[in-house]
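# Chain and residue survey
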Amino acid sequence: MAKLTHDCLYIVFEELENDINTLYSCLLVNRTVCETVVPILWRNPWKFCRNASIYKLKRLYYPIISLLPADSKLLLINNDINLFNPFSPKPLFNYISFFKTLNANDVDHMIKDLTELTHIKFNPNNKILLGQEVMKMIMNFSSHLRILLLHKCNVKEFYTFPGAKECLKNIVKLECTINLEPSVYHGLAKICRNIKYLFVNNCIRDNEGIAALIEAQKNLQYFKYEKFYINYPLCKRIGSALEKSADSLISFEAYGNIAICCSTFTKLVNLKILKLKVDLSNGCQEQFLRTLSLPNLQQLNLSCHSLHTISKIIQQTKGDLMEIRIGSEKNISRENTLMLIKSITQHCPNLNLATIICYDHEDIKELKRLFSVCTKLKKLVLIHYYFNTNYEVYDDDLLQIIAECAPPNLSSLKVECFNFSTKNLESFFEKWKMKQQTPLSFYNISEEEYFLFNNEKNNVIKKYIKEGVIKKFEEIDPYDRFTDWD
């Protein structure tokens, strides 16, 4: 290791950036290794301290506090805030200069914890003063921040501190909340012009500052919001700002409830990723989505939408769709399930991950044609909607179609609410083995005990796991349809 250059060591330790124990163990190897590891450890040091005891946090807090400039220390001491040990050795590095991620909430927690650690009765003004001095130091010493999290922030005007412009100008990812004062975002809008990822939490009302921040960006590509409260007005001003970024936006994610006018989606014609896990409350909103023309779409992830709407969106793409995830569905009918299957068959030749809902055995037969077109399919969820709970009725025709027609790269199969006979389940895996297909990760999805595998079927599974035909088997809940695929 001693002969490796700094650049080589950096590549090695980059792979270990989340392994704090290994990184710490390397600090005393030699000077070169230490100088390589320390910046990696201090990119976002708080991430190694989640749920740590307050006494373990001291090892993080005191090196930070010790780096405060002399005038800040004097100001704090004059205000009865003495956290400094004059006999402590000077830090070997300016750790603040290595920060790439800053979570304002972590700083707030540090101020609170330091109060408890030192048993000093800080008054509210002194807590604010300490927070300001820490944020001033970060703004002044760190010029490499890339990620900023503002879910909460007690130091509201940090963007005005000396060095803030240099510190914040290269932020590429911002996570924030609608509840902060608009002035904070107006201030950031004057500095931050290179944000690519914007995540707005608690998006229950408009915020003029966030809208201005969106409009100030040169190349906003990813937008995400969460709104888990109902009966709040739509954020029309934010929606309008997003429309002005329509040329650059390639990803839109929404979780909880609708917060942006659905008409905004119709303007985002360059989207490659659309994830809407929202409850649409009326047919008018669904109708807007059916008019979407997203020719470049590559990932479609929807919940609580009708299959008719999903099919219409697919039909307006130009063949680049690679993922279709349907978390939950409504308005199921034989007509709509067939429409979905045909839409995928006709418009998704490059699909490698799909969710397909079958109403009955007529839909299952349509899978032959789909498999002949979607030859790149690797991961597949098959959901049986109109199932029969008669123990003597089996869905073995599905197994036969998959065994005979499945694309050669299919490696993960999840089946929901299908009932297979033990004999044909074994026959399926035997055919899979004979075709020398990729070892299959196989999942049985159901909340109903009726569809769970009995001992005989589990014995079949164990046999083919032992033979290497099945890579992995698991019985999972419908809410875990896509667990381990992210």
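Notes on the structure in this doc start here. (Residues numbered from 1 in each chain as written. Predicted model: local features only at pLDDT ≥ 70, side-chain atom pairs only at ≥ 80, totals over all residues. Heavy atoms only, no water.)

### What about the pairing of strand 14 (residues 412-416)?
Of all the five residues making up strand 14, five are buried; the element is thus mostly covered by neighbouring parts of the structure. Where burial is concerned, the two faces of strand 14 agree: the one with Ser412, Lys414 and Glu416 and the one with Leu413 and Val415 are both buried. Here five bridges tie strand 13 (residues 379-384) to strand 14, and the two strands are oriented parallel to one another. Considered in strand 14, the bridge of Ile383 is made with Glu416. Where strand 14 meets strand 15 (residues 440-445), five bridges bridge the pair, whose relative direction is parallel. Bridging from a neighbouring strand, Val415 pairs with Asn444 of strand 15. (Buried < 20%, exposed > 50% of the residue type's maximum accessible area, 1.4 Å probe, protein only. Helix = DSSP H or I, 4+ residues; strand = E, 2+ residues; numbered from the N terminus. Pairing = 2+ DSSP bridges.)

### Digging into a nonpolar patch on the surface
Taken together, the side chains of Phe228, Tyr229 and Tyr232 make up a nonpolar region of the molecular surface, amounting to roughly 350 Å² of accessible area. When you line up the elements, Tyr229 lands in the loop between strand 5 (222-227) and helix 11 (236-244). Among the residues examined, Tyr229 registers a relative accessible area of 46% and is labelled partly exposed. (Patch = residues over 30% accessible without salt bridge, like charges linked within 9 Å, V, L, I, M, F, W, Y side chains within 5 Å. Areas by Shrake-Rupley, 256 points an atom, 1.4 Å probe, with all protein chains shown as cover. Salt bridge = Lys/Arg side-chain N within 4 Å of Asp/Glu carboxyl O.)

### Here we look at the packing of aromatic side chains
Tallying each qualifying case throughout the model produces 20 aromatic pairs. When the ring of Phe223 is compared with that of Phe252, the centres are 5.5 Å apart and the planes differ by 40°; the resulting orientation is tilted. Residue Phe223 is located in strand 5, and its partner Phe252 is located in strand 6 (residues 251-257); the two are separated by 29 residues in the primary sequence. Side by side, Phe223 and Phe252 carry an identical accessibility label, which is buried. Between Phe453 and Phe473 the ring centres are 5.4 Å apart and the planes differ by 15°, which places this aromatic pair in the stacked class. On the criterion of sequence distance, the pair formed by Phe453 in the loop between strand 15 and helix 19 (455-466) and Phe473 in strand 16 (residues 470-476) is long-range, its members being 20 residues apart. Per residue, the accessibility class of Phe453 equals that of Phe473, and both read buried. Joined through ring pairs, the aromatic side chains of Phe428, Phe429, Trp432, Phe442, Phe453, Tyr464 and Phe473 make up one cluster. (Phe/Tyr/Trp six-rings, centres within 6.5 Å; stacked < 30°, edge-to-face > 60°.)

### Side note on the state of the cysteines
Under the definition given, this model contains zero disulfides. Looking at Cys167, it has no disulfide partner, and the nearest cysteine sulfur is the one in Cys192, 9.1 Å off. For Cys167, a relative accessible area of 0% translates into the label buried. The cysteine Cys374 is free of any disulfide, with Cys348 supplying the nearest cysteine sulfur at 6.2 Å. On the basis of relative accessible area, Cys374 is assigned to the buried category, the value being 0%. (Disulfide = S-S within 2.5 Å.)

### So, helix 17 (residues 396-405)
Taken residue by residue, helix 17 has Asp396, Leu398, Leu399, Ile401, Ile402 and Ala403 as its buried positions. Buried residues belonging to helix 17 abut helix 16 (361-373), strand 13, strand 14 and helix 18 (422-434). (Contact = heavy atoms within 4.5 Å.)

### Looking at the packing of helix 10 (residues 208-216) against helix 11
In helix packing, the relevant descriptors are the interaxial angle and the interaxial distance, both defined with respect to the helix axes. At a minimum axis separation of 9 Å, helix 10 and helix 11 run at an interaxial angle of 0°. Between helix 10 and helix 11, the angle is such that the two are roughly parallel. The residues of helix 11 that touch helix 10, namely those facing Glu208, Ile210, Ala211, Ile214 and Glu215, are Arg237, Ile238, Ala241, Leu242 and Lys244. By residue class, the composition of the contact of helix 10 with helix 11 is six nonpolar, no polar and four charged. (Axes fitted to C-alpha atoms, helices over the stretch in contact; angles between N-to-C directions. Parallel < 35°, antiparallel > 145°, perpendicular 65-115°, else oblique. Nonpolar A, V, L, I, M, F, W, Y, C, P; charged D, E, K, R; others polar.)

### Some thoughts on the pairing of strand 4 (residues 197-201)
Where strand 3 (residues 173-177) lies against strand 4, five bridges are found, and the strand directions are parallel. Among the inter-strand pairings, Leu174 is bridged to a residue of strand 4, identified as Leu198. Remark: the strand 3/helix 9 (residues 182-189)/strand 4 crossover connection has right-handed handedness. One ladder, built from four bridges, connects strand 4 with strand 5; its direction is parallel. Among the inter-strand pairings, Val200 is bridged to a residue of strand 5, identified as Tyr225. In this view, the connection linking strand 4 to its parallel neighbour strand 5 by way of helix 10 has right-handed handedness. (Right-handed = clockwise from strand over helix to strand, strands pointing away.)

### With respect to the nonpolar core
Counting 158 residues, the largest nonpolar core has Leu150, Phe158, Leu168, Leu188, Tyr225, Phe252 and Phe429 as its most contacted members. For this core, the two domains that each supply at least three residues are domain 1 (1-42) and domain 2 (380-485). The contact partners of Leu188, leaving out residues within four places of it in the chain, are Leu148, Leu150, Phe158, Tyr159, Leu168 and Leu213. (Core = buried A, V, L, I, M, F, W, Y, C linked by side-chain atoms within 4.5 Å. Domains from an automatic or database assignment.)

### What to know about the side chain of Thr317
Tracing the sequence through the fold places Thr317 in the loop between helix 14 (307-315) and strand 10 (323-326). With a relative accessible area of 8%, Thr317 lands in the buried category. Beyond its immediate chain neighbours, meaning those up to four positions away, Thr317 contacts Leu294, Pro295, Leu297 and His347.

Nothing here speaks to function; it is geometry throughout.
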